[in-house]
Amino acid sequence: MGNFKKENFEEFCGSTSLHAWNRLPTSQNPVRRIYWILVICGSILLGTFFVYENIAQFLKAYSTTGIDTTTGPLEDGTFPQIAICNSYKVRKSFLDTIFDKTVVTDDDSGYDTLDLQEAFVKHFIKGYKEEEADMLQDKINVVIEKYVKSDNFNETLARECPFEPLDPYTCGFSEKSALEDRGDLQNTAGQSFHSMVLQYKIQDKTYYGSKLDWNSLYSDTDIGTCYGIQPYYIGPEDINNRYNPDFVMEEEFVPKILSGPPFGVDILLDAETFDNGDSAESFNGFTMAVTDYGDTALIGLDGFTVGTGTMARVSIQISIHKTTDVVLNRFNSMERRCIDNSDNYNISQVPYG
């Protein structure tokens, strides 16, 4: 049996086209035989390495597609939505009213007012890191028991909550909504959109203030509710037609999708930096994002800042494309710079979660 295997091995070595194998059975010198064994083993390992590298490169390779042109008709696109957020999320005047110790007189915790205000902002407005939880917990308990669960707190929310009669969003504060649903609280604590957006102009038609109309809306983002501008209609301001299913817009009142500054949007903003109650936020300006209509603006991924006392011009380029399921599955949300429902990713701000 041993001779049979040896004969077959020698026959293989003599007939194969693989280099060095034919040297192995004919080498009588042990040193030369060991040398050829090492050569053969080295070639096997090197070949294995090359196969591994090729497979790895194949798995990481991008699909490429050739196209005849990189441009397309502008009318196939839609004007993007502009989300505008004040960089600070809570007003100093709001905090001073909530933490007025001449009104709330039963706080015997010994904590400084600024420390309690910081705990309130982190717990209800901005969120905080997990490692801060133990340090903040006692202060948060004091804030809830002494200040949030008080008549002064509820009266302040009812008095200062922004209300837009033309939008289904309304303020209906109770102890439950303030502690469990933070949306109304965050909108009330921050600068109102009415004082932030002084005016904006769409193709020579100027709108004053930030009242909701054909072209503006509350924009949900990953850092809370912001003000959104979406050019849609620049005709007579009969807002009732907005909800009329039989209403047909005349072509002359539809914003044109053309290139150049005259066909953009001019916005005049006021940050009210004097009323910044977020001591940890040193930048007092605006955070903005330009997104496709219908998308949720992800400020953390695509946002940019505009400082106070400055003028910024933002230019965009329309890109019409379709993302395939293959791409969605191959790349994560950070690599795609967008989030799909299949990501199972909660884009809500921490206090909402």
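For the structure itself, look to the data block above.
Quick caveat: nothing in here was measured; it's all calculated off a predicted structure. Along each chain, residues carry numbers from 1 onward, in the same order as the chain's sequence is written. Confidence filtering applies because this is a predicted model: local features only for residues at pLDDT of at least 70, side-chain atom pairs given and counted only at 80 or more, and all residues used for totals across whole chains, interfaces and linings. Values shown for side chains rest on all heavy atoms present in the structure; no hydrogens or waters enter the calculation.

Undergrad: For this particular structure, what's the right way to read the packing of aromatic side chains?
TA: Ring pairs (aromatic) are described by centroid distance and by the angle formed between their planes. Working definition: a ring pair exists when centres of Phe, Tyr or Trp rings (six-membered ring for Trp) sit within 6.5 Å. Plane angles under 30 degrees give stacked, over 60 give edge-to-face, the rest tilted. Applying the stated criterion across every chain, the model contains 10 aromatic pairs. Centre to centre, the rings of Phe94 and Phe120 are 6.4 Å apart; their planes meet at 40°, and the pair counts as tilted. Of this pair, Phe94 sits in helix α3 (residues 92–98) while Phe120 sits in helix α4 (residues 113–126); the two residues are 26 residues apart in sequence, bridging distant segments of the chain. For Phe120, a relative accessible area of 1% puts it in the buried group. Look at Phe120 and Phe124: their rings are 5.0 Å apart centre to centre, the planes differ by 40°, and that puts the pair in the tilted class. Highlighted residues: Phe120 and Phe124, both in helix α4, separated by four residues, approximately one helical turn. Every helix listed is a DSSP run of H or I at least four residues long, and every strand listed is a run of E at least two residues long, numbered separately from the N terminus. Each residue is assigned to one of three classes by its accessible area relative to the maximum for its type, calculated with a 1.4 Å probe on protein chains only: buried under 20%, partly exposed between the two thresholds, exposed over 50%.

Undergrad: Explanation requested: the side chain of Asp107 in the structure shown.
TA: Residue position: Asp107 is located in the loop between α3 and α4. You can call Asp107 buried: its relative accessible area is 16%. Polar contact is the term for a pair of N or O atoms within 3.5 Å; when the atoms are in protein, one must be able to donate a hydrogen and the other to accept it, and sequence-neighboring residues count only if both atoms are side-chain atoms. A distance of 2.8 Å separates polar atoms of two side chains, one belonging to Asp107 and the other to Ser109. One polar contact links Asp107 to Tyr147, side chain to side chain, over a distance of 2.5 Å. Once residues within four sequence positions are removed from consideration, Asp107 is found in contact with Lys101, Leu116, Val142, Lys146 and Tyr147. Note on definitions: a residue-residue contact is assigned when non-hydrogen atoms from the two residues lie within 4.5 Å.

Undergrad: Looking at this structure, how should I read the pattern of salt bridges?
TA: Think of a salt bridge as a Lys or Arg side-chain nitrogen and an Asp or Glu carboxyl oxygen that are within 4 Å of each other. For the structure shown, the criterion picks out five salt bridges. In this structure, the salt-bridge partner of Asp96 is Lys92, at a minimum N-O distance of 2.9 Å. With Asp96 and Lys92 both in helix α3 and four residues apart, the pair spans about one turn of that helix. For Asp96, a relative accessible area of 34% puts it in the partly exposed group. The exposure class assigned to Lys92 is partly exposed, which follows from its relative accessible area of 41%. With a closest N to O distance of 3.4 Å, Glu145 and Lys149 form a salt bridge.

Undergrad: I tried to follow the sheet that holds strand β6 (residues 265–269) on my own but got confused; where do I start?
TA: The strands making up a sheet are joined through hydrogen bonds of the backbone, oriented either antiparallel or parallel. A pair of strands is labelled paired if DSSP reports no fewer than 2 bridges between them. What the three strands build is an open sheet, ordered β3-β2-β6; its pairing is antiparallel. Of all strands in the sheet, those bounded by a partner on one side alone are β3 (205–208) and β6. Direction aside, neighbouring strands of the sheet carry axes that sit 15° apart on average. Relative to β3, strand β2 (residues 197–202) runs antiparallel, the two being bridged by four bridges. The partner of Tyr200 across the bridge, within β3, is Tyr207. Geometry is summarised by axes, namely lines fitted to C-alpha atoms with helices restricted to the contacting stretch, and by angles between N-to-C directions that run from 0 to 180 degrees.

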